[in-house]
Amino acid sequence: MKNVKLFLKSLFSNNAAIDGGRKKPWYAAIIIFLLSIIVSVVPSTVMELKKHGDKYFETTTYGAIEATTEFSEYLATTDKKVFTIKKTQNGNYLVGDESISFERTNAKTKKVDYVFRYSSNDNVEKYMKVYDKQQVSFFIFTPDTVYIKVLDPNDTKTSKVSLACTNAYKNVETNQIREALVEGKTKTVTAQKTWENWKVLIKNFFNQTRLRAAGLQLAIISAVNTGIVLIMGFMIWVLTRGKNNPYRLFSIWESFKISFWTCPSPAILTIALGFLISRFASTLFPLLLGVRVMWLTMKSLRPDGSGYAAN
């Protein structure tokens, strides 16, 4: 019970955090440190996991509704068995053949504004350069990746959506691309229902990339936060090295443990504020921990010894 009270008190009391770091077992400090790091990365990781591919089309579709509908109508009427997903012996997926290409011409400008095509991995860069030069939006399907680039029709030099969906077909069912078309009573209804299927497809295409990005984000921020905690511990040790400093008796290991004990309150504030200020979710913990340790050193580790009673 005393340990629980000390931990709760250490959330706001510098002296309690110092007591915990100096007088409690090393494994308690390690557990507190690890749990704090886990809590500190929750907001940024959740934000990254929420970045589904279809979310990029929430505001406007930049003509993607009409383009995907026309492409789906093409797939429904062609005799060629294209865009059927199947796994090959080498682990990739086959969705078509390189001769398959569909261009959507804008009725107003009479210019091609969307291209859908299948490409081998060897030729995909060539086609992407061509379409970038022509300033057209595109969906390029390769055996394992789907590349989506959508331009603003009013400013074709501006890319509004740019996705490279690796391992794109892992969550896509066989014939799901071919069967995206949904016939409605009117063209508008057909386009709306077909687009709903394409949003699911885009979400599935991007799923593995999203998970990989979230994992990378988690690893990077965890490493950064860990580094900051260790730097703060080293700083506590350095600031108590004065020849006449009453806290000179703190070892470097004790200084690190004190830093560990200061972590929970910044971590809790990070998870509380991270979802409110999502843009700064990844930087909140280092900032708050820096403030906490600075407060601790200025308040409790003053060189005159009037802060924490060392013994």
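For the structure itself, look to the data block above.
In this report, the structure presented in the accompanying data block is examined.

Rules used throughout
- Residues numbered from 1 in each chain as written.
- Predicted model: local features only at pLDDT ≥ 70, side-chain atom pairs only at ≥ 80, totals over all residues.
- Heavy atoms only, no water.
- Pairing = 2+ DSSP bridges.
- Helix = DSSP H or I, 4+ residues; strand = E, 2+ residues; numbered from the N terminus.
- Axes fitted to C-alpha atoms, helices over the stretch in contact; angles between N-to-C directions.
- Contact = heavy atoms within 4.5 Å.
- 1 Å grid on protein atoms, 1.4 Å probe; cavity = no way out; pocket = protein on both sides within 12 Å on 5 of 7 lines; lining within 4 Å.
- Points joined across faces, edges and corners; volume = space filled by probe spheres on them.
- Nonpolar A, V, L, I, M, F, W, Y, C, P; charged D, E, K, R; others polar.
- Salt bridge = Lys/Arg side-chain N within 4 Å of Asp/Glu carboxyl O.
- Buried < 20%, exposed > 50% of the residue type's maximum accessible area, 1.4 Å probe, protein only.

Here we look at the sheet that holds strand β5 (residues 137-141)
Stage number 1. Taken together, 5 strands build an open sheet; the order of strands is β3-β4-β5-β6-β7 and the sheet is mixed. In this open sheet, the two edge strands, each paired with only one partner strand, are β3 (101-105) and β7 (155-166). Strand after strand, the sheet turns through a mean of 10 degrees between neighbouring axes, direction not considered.
Stage number 2. Of the strand pairs in this sheet, strand β4 (residues 112-118) and β5 are connected by 5 bridges, and their pairing is parallel. Opposite tyrosine 118, over in β5, you have phenylalanine 141 as the bridge partner.
Stage number 3. Relative to β5, helix α6 (residues 124-134) is tilted by about 170 degrees, and along the sheet it contacts β3, β4, β5 and β6 (145-152).
Stage number 4. Its contacts with the sheet place helix α7 (residues 187-239) against β5, β6 and β7, and it is angled at close to 65 degrees to β7.

Comments concerning unusual backbone geometry
Stage number 1. Unlike most non-glycine residues, tyrosine 62 shows phi in positive territory, near 55 degrees.
Stage number 2. Assignment of secondary structure puts tyrosine 62 in the loop between α4 (42-49) and α5 (64-77).
Stage number 3. Phi at asparagine 167 is positive, roughly 50 degrees, even though this residue is not glycine.

Some words on the side chain of glutamate 48
Stage number 1. Secondary-structure assignment places glutamate 48 in helix α4.
Stage number 2. In this structure glutamate 48 touches Arg210, Ala213, Ala214 and Gln217, once residues within four positions along its chain are discounted.

Here's the deal with the layout of surface pockets
Stage number 1. Each pocket or cavity is described by its volume, and for the largest pocket that value is around 560 Å³.
Stage number 2. Only β4 and β6 provide two or more residues apiece to the lining of the largest pocket.
Stage number 3. For the lining of the largest pocket, the element with the most residues is β4, which contributes 3 residues.
Stage number 4. For the lining of the largest pocket, the residue count by class is 7 nonpolar, 9 polar and 6 charged.

As for the pattern of salt bridges
Stage number 1. In this structure the tally under the stated criterion is 9 salt bridges.
Stage number 2. Note that glutamate 58 is salt-bridged to lysine 55, the shortest N-O span being 3.3 Å.
Stage number 3. Under the relative-accessibility criterion, glutamate 58 is labelled exposed at 58%.
Stage number 4. In this structure, glutamate 196 and lysine 199 form a salt bridge, with 3.4 Å as the shortest nitrogen-oxygen distance. On the criterion of helical spacing, the pair formed by glutamate 196 and lysine 199 is a turn pair, its members being 3 residues apart in helix α7.
Stage number 5. Look at lysine 199 and you get partly exposed, because its relative accessible area is 24%.
Stage number 6. Sharing partners across several salt bridges, the network here consists of Glu70, Arg104 and Asp113.

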